[in-house]
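A look at the structure
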Amino acid sequence: MSSPSELERMRHAGAGDPEAQAWLMTHVISRVRRIARTFLRSAADADDAAQLALLAILESASSYRGDAAVEAWARRVAVRTILRYARQQRREGAPVAPESAIDEEIAQAPHQPPFEALPREARAYLDELPEAQRHVILLHHALDYSIEEIAGMTEVSADTVKSRLRLGIGALRKQVRQDLAVGRKRAS
């Protein structure tokens, strides 16, 4: 739940008040950029997607009801916008795999697993997954979305999300086991 002052600020931002809009952008910009870098390989594409997400947040500010914190609400708007951008880029043939922000986003998630024990960086393992599996793993485990929320964002059924999660996690485990079996060490 948001505070009454946040709800009022969001109403002002939605009405076009430059001060309230500046507050909103300052409040969410770093998270939106991090999410964009998580899903898009090219820094330029990530910047473009982040900018589109920020515009979508501003345009949607008037619809904010205060049911969730501003950050959580803005994150949902950003993820939907960025995923739409990534799908469009994929249709146009642009690379959209994660680059460097994955580890940062995962590291900030609650209940962080001990990634230091992995033979390679988490990003290297995730890069080998099909895009659909990588996206649902990031949305669920790094950004903490529920199966139903991911289904809505990715426009697939909840069963498909579950399947992609199961297959992706299985593939990640297999990759780690293979690296451990051959004695691969993390580069320093």
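Heads up: these notes are all about the structure in this document. Just so it is clear, the structure is predicted and the values come from calculations on it, not from any experiment. (Residues numbered from 1 in each chain as written. Predicted model: local features only at pLDDT ≥ 70, side-chain atom pairs only at ≥ 80, totals over all residues. Heavy atoms only, no water.)

1. Here's the deal with the packing of helix α4 (residues 70-91) against helix α7 (residues 131-142)
Here is the rule: Angles here are taken between N-to-C directions and fall from 0 to 180 degrees, while the axes themselves are lines fitted to C-alpha atoms, restricted in helices to the stretch in contact. Helix numbers and strand numbers start at the N terminus; a helix is a DSSP run of H or I with at least 4 residues, a strand a run of E with at least 2. Reported orientations rely on four angle classes, namely roughly parallel under 35 degrees, roughly antiparallel over 145, roughly perpendicular from 65 to 115, and oblique for the rest. Note on contacts: a residue pair is in contact if any heavy atoms of the two residues lie within 4.5 Å. Each residue gets one label: Ala, Val, Leu, Ile, Met, Phe, Trp, Tyr, Cys and Pro are nonpolar, Asp, Glu, Lys and Arg are charged, and the others, such as Gly, are polar.
Relative to each other, α4 and α7 sit at 170 degrees, their axes nearing to 13 Å. By the criterion of interaxial angle, the relationship of α4 to α7 is roughly antiparallel. Where α4 approaches α7, its residues Val79, Leu83, Ala86 and Arg90 are matched on the opposing element by Glu131, His135 and Leu139. In the contact of α4 with α7, the residues fall into 4 nonpolar, 1 polar and 2 charged.

2. Structural notes on the packing of aromatic side chains
Condition: Note on ring pairs: Phe, Tyr and Trp rings are taken, using the six-membered ring of Trp, and paired if centres are within 6.5 Å. Classes follow the plane angle, with under 30 degrees stacked, over 60 edge-to-face and the rest tilted. Buried means the residue's accessible area, taken with a 1.4 Å probe over protein chains only, is under 20% of the maximum for its type, while exposed means over 50%, and partly exposed covers the values in between. Put simply, a charge is over a ring when the Lys NZ or the Arg CZ is close to the ring centre, within 6 Å, and near the line of the ring normal, within 35 degrees.
Scanning the model with the defined rule gives 1 aromatic pair in all. With centroids separated by 5.4 Å and ring planes inclined at 70 degrees, the aromatic side chains of Tyr64 and Trp73 adopt a geometry described as edge-to-face. For the pair Tyr64 and Trp73, one class covers both residues: buried. Above the plane of the ring of Tyr145 lies Arg75, whose end atom (NZ or CZ) is 4.8 Å from the centre.

3. Some remarks on unusual backbone geometry
For Asp144, which is not glycine, the phi dihedral falls at a positive 65 degrees. For Asp144, the position within the fold is in the loop between α7 and α8 (147-154). Despite not being glycine, Glu155 has its phi angle at roughly 60 degrees, a positive value. For Glu155, the location among the structural elements is in the loop between α8 and α9 (158-181). Taking relative accessible area as the criterion, Glu155 reaches 60% and is therefore assigned exposed.

4. Considerations on the pattern of salt bridges
Close approach of charged atoms allows side chains of opposite charge to pair. Put simply, the test is: Think of a salt bridge as a Lys or Arg side-chain nitrogen and an Asp or Glu carboxyl oxygen that are within 4 Å of each other.
Under the criterion given, the structure shown has 5 salt bridges. For the salt bridge of Arg120 with Glu128, the shortest nitrogen-to-oxygen distance reads 2.6 Å. For Arg123, the salt bridge goes to Glu121, with nearest N and O atoms at 2.9 Å. Take Arg123: its relative accessible area is 23%, and that puts it in the partly exposed class. Judged by relative accessible area, Glu121 falls into the partly exposed class, the value being 32%. One connected set of salt bridges, linked through shared partners, spans Arg120, Glu128 and Asp179.

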